[in-house]
Amino acid sequence: MSTKVGQAISALRQTLPDAHLVIPEAAEEFQSLNNSYLSGFESDLSPACIFLPRSKEEVAAFVRTIQPFVGDVQFAIRAAGRQPLPGCANVQGGITIDLRSLTGIAIQDGLVRIAAGELWGSVYEYLEPHGLGVAGGKSTTCGIGGLATQGGLSFYSTREGFICDNVVNFEVVVASGEIINANAQENSDLWVALRGGGNNLGIVTRFDLRTFKQGPMYAGMVWYYKPSFPDQMAALVKELTSPDASVETHLMLSIAYAQVFNNGNDVVCLNQLYYTQPVQDPPALVPFTHVQPQIAEMNTMKIQTLVQAVTEQSGAGQSMIRCLYMNVSVKADVETLTTGGDIWCEELESVKDAAGLMCSYTLQQYPVSLLKNTSARGGNVMGLDPRNGPVVNVLLLTYWADKRDDERVTGFMQRALKRIEQNADARGQLVPYVYWNYAFSDQDALRSYGQENILKLREASKKYDTNGMFQTACPGGFKLFK
């Protein structure tokens, strides 16, 4: 531990005598906290101290106390720690501020007020008895902060827009240590900047989001085989480009590989499908639910509650394992999407023997209806214009077991991504947007927002963080002035 870090921790103890500070010497608690990230790439980092504030006032006290050490001490901000971007929510040798003790959910004036340490599963369990829904994460274990400040996709995004576009108010601790609200009436420039700006502008301690009437949905998974994938791409593009496309659907189409399937010999395909009304086998989903041949015994399509749907989605994931995401955005083009899958399968061959490998080429849609909600709900800084048509996000997602395979698995993903980008670009189908929630270290999501939005973010930073605290002392993620 450096002298300055030790001094900063001592200053925190003096400012907050009852603070919950965990140092490596408290081995059991420290390891439990530091090993609870989704990705081992985050747990590889070891902070000098983990600070768990119990209130927004303690967060504000942390920010004020750390100010004199900017330039010598670094910190990271953690909500649930589910984003696998290395270093985005943990820091080597610095102080990680873990928000899990900031809890509380309340409904008021058509909004749900969510403390920054909550998980989406708890939010949905709270709202369900009231017959309400909210645009939130697709897994029970997802935290609020990363999704609500970096974009965020929900089962309702086609109808309701990005998660960040549904945040009506951010309660945020800015670099001065002041606790302020950012909404359409107060600090509106910060409100817009936080919708995509990530951890560059402050520490959000509460999110107030729009709610809407919502009952059960038709949702589940359909497993099938790769020869049918091109036809599924055609169905996806047809749905996205149809003038009367349903706003009730959320579609996730994947080519997947796992050693536990088919003795690890081949890929399979998976449609994760959501129709946000309680309609059995709705026509909008028929092209995706009726794909043949399919693995009938693995079909889980049924009418279920939001809590049930996110629980199923959570069960499809992993935790505390080697994990990385990378992504690229393309236009809704059948050949681009189909060839991208073929490229991924070709590159996959080099790592099929990696222990515990489970990975996918996953497509998620940004329909025009989703993109129109951005301006309708006050704007964000992500730079996606509905006039340019629908967008498809291509996510490369990989889990594996052994740290010794890090380099070659990362290499497989980077090679596949580069070829997919080159193919899309050659076809005139590449969209210059990187989705922060799925970005890797060498993908600068912020720069993909466009120069106008970068300038808007920089202006907000200069106004609310005059000394650049969140640019220099909080290095995780993507920074505005690098």
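Look up a bit, the structure's there.
First, a word on what this report is: a plain description of the structure on this page.

Quick notes on the rules
- Residues numbered from 1 in each chain as written.
- Predicted model: local features only at pLDDT ≥ 70, side-chain atom pairs only at ≥ 80, totals over all residues.
- Heavy atoms only, no water.
- Pairing = 2+ DSSP bridges.
- Helix = DSSP H or I, 4+ residues; strand = E, 2+ residues; numbered from the N terminus.
- Axes fitted to C-alpha atoms, helices over the stretch in contact; angles between N-to-C directions.
- Parallel < 35°, antiparallel > 145°, perpendicular 65-115°, else oblique.
- Left-handed = near helix turned anticlockwise from the far one by under 90°.
- Contact = heavy atoms within 4.5 Å.
- Nonpolar A, V, L, I, M, F, W, Y, C, P; charged D, E, K, R; others polar.
- Salt bridge = Lys/Arg side-chain N within 4 Å of Asp/Glu carboxyl O.
- Buried < 20%, exposed > 50% of the residue type's maximum accessible area, 1.4 Å probe, protein only.
- Arc of directions from axis to C-beta.
- Expected span 1.5 Å × (residues − 1).
- Core = buried A, V, L, I, M, F, W, Y, C linked by side-chain atoms within 4.5 Å.

**Some thoughts on the sheet that holds strand β9 (residues 179-183)**
And step 1. The antiparallel open sheet is built from five strands, whose spatial order is β5-β6-β10-β8-β9. Where the open sheet ends on each side, the last strands, each with one partner, are β5 (105-108) and β9. In this sheet, neighbouring strand axes are inclined to one another by 20° on average, regardless of whether the strands run parallel or antiparallel.
And step 2. In this structure, strand β8 (residues 167-173) lies alongside strand β10 (residues 203-210), joined through six bridges in antiparallel fashion.

**Some thoughts on the packing of helix α1 (residues 3-15) against helix α4 (residues 56-66)**
And step 1. Where α1 meets α4, the axes come as close as 10 Å, and the angle between the chain directions of the two elements is 135°. Comparing their axes, α4 and α1 come out oblique. Crossing hand, α1 versus α4: right-handed. Contacts between α1 and α4 involve A8, A11, L12 and T15 from the first element and A61, F62, T65 and I66 from the second.
And step 2. Its residues placed into classes, the contact of α1 with α4 shows six nonpolar, two polar and no charged.

**Here we look at the pattern of salt bridges**
And step 1. Counted under the stated rule, the structure contains 25 salt bridges.
And step 2. For R113, the salt bridge identified is with D208, shortest N-O distance 3.9 Å. Within this pair, whereas R113 is found in strand β6 (residues 111-115), its partner D208 is found in strand β10, the two being separated by 95 residues in sequence.
And step 3. Judged by its relative accessible area of 2%, D208 is buried.
And step 4. The partner of R408 in a salt bridge is D405, and the shortest N-O contact between them spans 3.0 Å.
And step 5. A relative accessible area of 30% places R408 in the partly exposed class.

**As for the pairing of strand β12 (residues 217-224)**
And step 1. Burial within β12 is extensive, with eight of its eight residues counted as buried.
And step 2. Neither face of β12 is open: one carries M217, A219, M221 and W223, the other Y218, G220, V222 and Y224, and all of them are buried.
And step 3. Of the strand pairs in this sheet, β12 and strand β14 (residues 268-275) are connected by seven bridges, and their pairing is antiparallel. Looking across to β14, one finds that Y218 is bridged to Y275.

**A closer look at unusual backbone geometry**
And step 1. The step from Q292 to P293 runs through a cis peptide bond, and the omega angle for that step is -10°.
And step 2. Looking at where P293 falls in the secondary structure, it is placed in the loop between α10 (286-289) and β15 (302-304).
And step 3. In the Ramachandran plot, D109 falls in the positive-phi region, its phi being about 55° despite a non-glycine side chain.

**A short note on helix α13 (residues 368-376)**
Residues spaced three or four apart along an α-helix face the same direction, because each turn holds 3.6 residues.
And step 1. Buried residues of α13: L370, L371, N373 and T374, and no others. The buried residues of α13 occupy one face: seen down the axis, they fall within an arc of 145°. In α13, the exposed positions angled more than 90 degrees off the buried face are occupied by K372, S375 and A376.
And step 2. Buried residues belonging to α13 abut α7 (157-160) and β17 (358-366).

**Remarks on the pairing of strand β13 (residues 249-258)**
And step 1. Extensive coverage of β13 is indicated by the burial of 10 of its 10 residues.
And step 2. Side chains T249, L251, L253, I255 and Y257 project from β13 onto one buried face, and the interleaved H250, M252, S254, A256 and A258 project onto a second face that is buried too.
And step 3. Pairing analysis gives seven bridges linking β13 to β17, with the strands arranged antiparallel. Counterpart to I255 in the pairing with β17 is Y361.

**Comments concerning helix α15 (residues 451-464)**
And step 1. Taking 1.5 Å per residue as the helical rise, α15 with its 14 residues ought to reach 20 Å, and the 20 Å between its terminal C-alpha atoms agrees with that figure.
And step 2. Turning to α15, its buried residues are N453, I454, L457, A460, S461 and Y464. For α15, the arc enclosing every buried residue in end-on projection is 125°, short of the 170-degree limit, so these residues lie on one face. Exposed residues lying more than 90 degrees from the buried face of α15 are E452 and K463.
And step 3. Looking at the packing, one finds that the buried side of α15 touches β9, α8 (188-194) and α16 (469-472).

**Digging into the nonpolar core**
And step 1. Ranked by size, the top nonpolar core spans 110 residues in total, and within it F75, I95 and W120 carry the most contacts.
And step 2. Sort the elements by how many residues they give to this core and α4 lands first, with six residues.
And step 3. When neighbours within four sequence positions are excluded, F75 is seen to be in contact with F62, I66, V91, I95, I97, M469, F470, A473, C474 and P475.
And step 4. Residues M301, I343, Y361 and I420 belong to the second largest nonpolar core, which totals 51 residues.

**Examining the sheet that holds strand β1 (residues 21-22)**
And step 1. Strand order across the open sheet formed by four strands is β1-β2-β4-β3, with mixed pairing between neighbours. In this open sheet, the two strands that pair with only one neighbour each are β1 and β3 (75-78).
And step 2. Relative to strand β4 (residues 95-98), β3 runs parallel, the two being bridged by four bridges. Paired with I77 across the two strands is I97, which belongs to β4.
And step 3. In this fold α4 packs onto β2 (49-51), β3 and β4, with an angle of close to 165° to the strand it touches most, β4.

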